[in-house]
Amino acid sequence: MSGISGRGPVVALVGGATAGRGAKPANRFVQKAAPLLRMVARRVGIAVPLLVLVSFSVFAISSISTADPARAILGEGATPQSVAQLRHQLGLDQSFLHRYWDWLSGVAHGGLGNSWYGNIPVLTKISQGLPTTISLVLAAMILTAVVGIPLGLYAGMRRGGKVDTIANSLAAIGLAMPEFWVALVLILLLSVKLRVLPGTGALTLSGDPWQAARHLVIPVVAIALPQICALYRQTRASAAIVAQQDYVRTARAGGISEWSLLRTRVAKNALVAPVTLLGLQLGRMIGIAAVVESVYGLHGIGSIAVQAALTSDLPVVLGVVLVTAAVVMAANLLTDIATYYLAPKARNS
Amino acid sequence: MSAELPLRLHPGLGTDAEVLTSAGVGTWRSFARQRLGLVALIVLVFIVAATLLAPLLPLADPNAQVLIDRLQGPTWHHWLGTDELGRDELARLLAATRISLWAALQATVVGVALGVPIGLTTGLLGGRLDGVVSRLFDAVQSMPALMLAIASVAVFGRQLTPAMVAVGVAFSPTFYRVSRAAASTVSRETYVEASRSMGQRTTRIVFSHIIGNVASTLIVQISTTFAFGILAEAALSYLGLGVQPPAASLGSMLTSAAILLNTSPQLTLLPGLVIILLALCVSQVSNAVEYLTSDEVGVR
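Residues numbered from 1 in each chain as written. Chains lettered and ligands numbered in written order. Predicted model: local features only at pLDDT ≥ 70, side-chain atom pairs only at ≥ 80, totals over all residues.

**Points about the overall build of chain B**
Step number 1: The helix and strand inventory of chain B stands at 10 helices and 0 strands.
Step number 2: Its helices and strands in sequence order give chain B the pattern α-α-α-α-α-α-α-α-α-α, from N to C terminus.
Step number 3: When burial is assessed residue by residue, chain B has 50% of its 300 residues classed as buried.
Step number 4: A sequence separation of at least 24 residues applies to 71% of the contacts in chain B between residues at least 6 apart. (Helix = DSSP H or I, 4+ residues; strand = E, 2+ residues; numbered from the N terminus. Buried ≥ 20, exposed ≤ 12 C-beta atoms within 10 Å, placed from the backbone. Contact = placed C-beta atoms within 7 Å.)

And the structure:
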C-alpha cells in the first residue's frame, strides 16, 4: 500500500509548538485531526482522476477489440443491416473519443450510462445488486477479522505449540482452496445431505432476517475461508516479531499475565500489518464474491457483472468496475487512517 | 491468494530470522520445511510431466464420449471413473490441468514483464516520473483481479488468454512495488555508489546487485500470482467466461459437475482437489525457495 504516502512528514507541518499549549479543546482537536484531514483530501483528490483514467482505459481498449458487441447482442443469425442499425443506435459507429466524451458528460450529470439491453440505467442495475454484495462482503470481512486476528495473535505469542502447528497446516491448505468450490462442497454437505441450511437462490433482505442470515452462511464462509487463513498467517507473523521485542520480554519477566501482555504491549504494534492486509482483502473479496454469487444464485453486483460480461454489455461491466474501484480506494483510505492511529511511527514515513 | 505483506513495517523491529533462531527452533524446522518443499516440487514436476505426456499415455481421448459408460465409478479402464458423457475423468483432469498451468503461466509472465522492468527503472531514476507511474499502478491495484478479468471478457469475448492477461495486469502493481522499493533502496547503498565510481554501468549494477537482492521476494510474488492464476482460471471457466466446452478445464468440469452434485459428488470433488494440490504445492515450493535464498525468513 502507498501507506500514509511518501511526501515527507505530514505531522510536523501542523500546529507548531507555540500554538498547541493555550488552545481550546476544539482547536486542539482540529489540530490533531488536520494532518489526517489533509491526507483524506489529498487521497480523494487523487482518486477522481484515477477513476477517470480507469474508465478511459476501458473505452480505449474496447475500441481496439475486434469483438463486435452489436453482433454479440443480436446473435449469429443477424443481418448486416440490423447489425449496422444497432451499432448506430448504441453509438458504436462513432469514434471512441466521441463515445467517451458522451459517457463522461453523462457521469457529470450523475449517471453511468444505460445498459445495452433494455436501456436500463446502469446505476439502477448496480443499486439492485449492492445490498446483497454489501451484506455478503461485510459479513465475510467481520468473520475474517473475528477469527483470523485472535487466532493469529494467540499462535504468534506461543509459537511452536500444538495449536500453532495444526493451525499452520490448516491455513496452508485453506489458502489453496478455490472459494467457489468451497461453496459447492458446503452446499453438498449442509443443504443437500444434512439439510440444515437453505440451498441456492436469490437473497431477500426485506423478509425474515433470520432466514436471510441462514441464507448467507454458505457464501460468507466460502468467501472468508482463504482470507481467514491469509489474515491468520499475517497476524501470527507480526505477533511473533513483536513478542520477541525487548520491552515485551522485560514485561514478561516482570510477571505480567499473558492476557494483559497482549492487551497492553503486543496487540497495537502487532495489528498494523494485519489491518493493512484486511483493507487489501476487501478488494479481493468483492472479486471473489462475483464468482460465489453466481454459484449460489445471489443477485449481487458481481453476478450482474458476470452476466453483463457474458452478453458483452460493456456499460454495465464498466459501471461495476468503477464502483468496485471507488470502494477499494475508500477502503485503502480507511486502512491508512487506522494505521495512522495504530502506528504513530509510520506517520512520518 | 495470499499476497502477504512485507513483515518489516518498522525498521528495527528485528527480522524473522532473528525470531526463528532466538526461538530456538533452528535446524530441525528448517530441514522439515525444505523437505516439505522438496516433496511439493517432486509432486509438481510429476504433475507437469503427466500433463505434457498425457497424449502419449494409454488413456482415452479426453473429449471422446461413450454415453453407455457414463457416470461410472473407478474401473480398470477408467481409473477415476467417467463423467456424465462417459468421458474418462483421469484424461480430462490431465488435459484440464495442462490448460490451468498454461493459463497461470500467462498471468505470471504478464505480471512480471509489466511490473519488474518499470519498477526497476522508476526506482533507480526516482523523481517526478516515479510519482506519476506509482499513481498509475495504484489505479490498477484498486481493481480486483477477477473483476478486471470479467471486464476483459466483456471487451474481448469469451476467451481465456485476454482474461489471464487481465489477471497478470491486476497483479503487476505488486511486482512493480517490490522491484521499485528494492531498486530505490539499493541505488542509495554505498556499495552501489562504489561500483558506480569504479566505472560500472548502471544496467550492470542493476543486474548484479538489485536483482540479487529482490530475487527471493520476487519468487514469492511469482508463486502467489501463479497460484492465484490457477484459481482464477478455474473460477472464470466455471462461470463460462474462460475455456469453452467441450475442452476440459478444472473450472468447466466443475460447471457440469455442479448439476450432478447430489448423485455424483466425486465429479465435483476431484477437480477441486486437483486445484488445491496444485496451489498447495506451488506455495510450499515457494516457501522452501524463500527460506533457502533469503536471510530474512518469513515466520510461517
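**Some details on the overall build of chain A**
Step number 1: Tallying secondary structure elements over chain A gives 14 helices and 0 strands in all.
Step number 2: The secondary structure elements of chain A, listed N-terminal to C-terminal, are α-α-α-α-α-α-α-α-α-α-α-α-α-α.
Step number 3: Taking all 349 residues of chain A together, 39% fall into the buried category.
Step number 4: Sequence separation of 24 or more characterises 73% of the internal contacts of chain A that already satisfy a separation of 6 or more.

**Points about the interface of chain B and chain A**
Step number 1: At the interface, 52 residues of chain B touch 64 residues of chain A.
Step number 2: Listed by contribution, the elements that provide at least two residues to the side of chain B that touches chain A are α1 (16-22), α4 (127-141), α5 (145-156), α8 (202-238), α9 (250-259) and α10 (266-293) of chain B.

**Details of helix α5 (residues 96-108) of chain A**
Step number 1: Helix length check: α5 of chain A, at 13 residues, gives a terminal C-alpha distance of 18 Å against a target of 18 Å (1.5 Å per residue), a fit within 8%.
Step number 2: Of the residues one or two after α5 of chain A, Gly110 of chain A is the one with positive phi, at around 85°. (Expected span 1.5 Å × (residues − 1).)

**Considering the confidence of the model for chain B**
All names here are of chain B.
Step number 1: On average, residues of chain B carry a pLDDT of 79, and 84% of them reach 70 or more.
Step number 2: Ranking the elements of chain B by mean pLDDT puts α1 last with 43 and helix α3 (residues 89-125) first with 90.
Step number 3: Within the model, pLDDT remains below 50 along residues 1-25, and this stretch shows 56 contacts once partners closer than five positions in the same chain are excluded.
Step number 4: Segment residues 296-300: pLDDT under 50, and 20 contacts once partners within four positions in sequence are set aside and those in other chains are kept.
Step number 5: Here the predicted complex scores 0.80 on pTM and 0.80 on ipTM. (pLDDT = per-residue confidence, 0-100.)

**Examining the nonpolar core**
Step number 1: Counting 165 residues, the largest nonpolar core has Ala305 and Val317 of chain A together with Ala149 and Ile150 of chain B as its most contacted members.
Step number 2: Counting residues per element, this core draws most heavily on helix α9 (residues 209-243) of chain A, at 19 residues.
Step number 3: With near-sequence residues (within four places) excluded, Ala149 of chain B lies in contact with Ala163, Ala166, Val167, Ala232 and Leu236 of chain B. (Core = buried A, V, L, I, M, F, W, Y, C linked by C-beta atoms within 7 Å.)

**Section: the packing of helix α6 (residues 122-157) of chain A against helix α11 (residues 258-270) of chain A**
All names here are of chain A.
Step number 1: Running from N to C, α6 and α11 point in directions that differ by 110°, and their axes come no closer than 11 Å. Our classification of the angle between α6 and α11 gives roughly perpendicular. Listed contacts from α11 to Leu153, Gly156 and Met157 of α6 are Glu258, Leu262, Val266, Ala267 and Ala270.
Step number 2: A per-class count over the contact of α6 with α11 returns 6 nonpolar, 1 polar and 1 charged. (Axes fitted to C-alpha atoms, helices over the stretch in contact; angles between N-to-C directions. Parallel < 35°, antiparallel > 145°, perpendicular 65-115°, else oblique. Nonpolar A, V, L, I, M, F, W, Y, C, P; charged D, E, K, R; others polar.)

**Observations regarding unusual backbone geometry**
Residues and elements named next belong to chain A.
Step number 1: Unlike most non-glycine residues, Ser312 shows phi in positive territory, near 55°.
Step number 2: Summarising the element assignment, Ser312 is placed in the loop between α13 (301-310) and α14 (314-342).
Step number 3: Assessed through the 25 C-beta atoms surrounding it within 10 Å, Ser312 is described here as buried.

**Focus: helix α6 (residues 160-187) of chain B**
Step number 1: For α6 of chain B, with 28 residues, the first-to-last C-alpha span of 39 Å sits near the 40 Å given by 1.5 Å per residue.
Step number 2: Where burial is concerned, most of α6 of chain B is hidden: 24 out of the 28 residues are buried.

**Side note on the confidence of the model for chain A**
Residue and element names in this part refer to chain A.
Step number 1: This prediction gives chain A a mean pLDDT of 80; 87% of its residues lie at or above 70.
Step number 2: For chain A, helix α1 (residues 17-22) is the element with the lowest average pLDDT, namely 44, and α6 is the one with the highest, namely 91.
Step number 3: This model gives residues 1-23 a pLDDT under 50, and the stretch forms 29 contacts once residues within four places in sequence are excluded.

**Considerations on the packing of α6 of chain A against helix α7 (residues 162-175) of chain A**
All names here are of chain A.
Step number 1: Where α6 contacts α7, the two axes come as close as 9 Å, and the packing angle between them is 130°. As far as their axial angle goes, α7 and α6 are oblique. The interaxial crossing formed by α6 with α7 has left-handed handedness. Facing Leu151, Tyr154 and Ala155 of α6, the residues of α7 in contact are Val163, Asp164 and Ala167.
Step number 2: The class makeup of the residues in the contact of α6 with α7 is 5 nonpolar, no polar and 1 charged. (Left-handed = near helix turned anticlockwise from the far one by under 90°.)

**Section: the environment of Asn168 of chain A**
Step number 1: Tracing the chain through its elements places Asn168 of chain A in helix α7.
Step number 2: Taking the number of C-beta atoms within 10 Å as the measure of exposure, Asn168 of chain A has 18 and is therefore partly exposed.

**Considering the environment of Thr51 of chain B**
Residues and elements named next belong to chain B.
Step number 1: Considering the arrangement of structural elements, one finds Thr51 in helix α2 (residues 26-53).
Step number 2: Residue class for Thr51 comes out partly exposed when judged on the 19 C-beta atoms lying within 10 Å of it.
Step number 3: Considered as a pair, Thr51 and Ile99 are 48 residues apart in the sequence and their alpha carbons are 9.1 Å apart.
Step number 4: Ignoring sequence-local partners within four residues, the contact set of Thr51 consists of Leu94, Thr97, Arg98 and Leu101.

**With respect to the environment of Ala103 of chain B**
Residues and elements named next belong to chain B.
Step number 1: Within the secondary structure layout, Ala103 lies in helix α3.
Step number 2: Of the residues examined, Ala103 has 27 C-beta atoms within 10 Å and is grouped as buried.
Step number 3: Ala103 sits 64 residues away from Val167 along the chain, and the two C-alpha atoms are 9.9 Å apart.
Step number 4: Each residue touching Ala103, except ones within four places of it in the same chain, is listed here: Leu160, Met164, Gly229 and Glu233.

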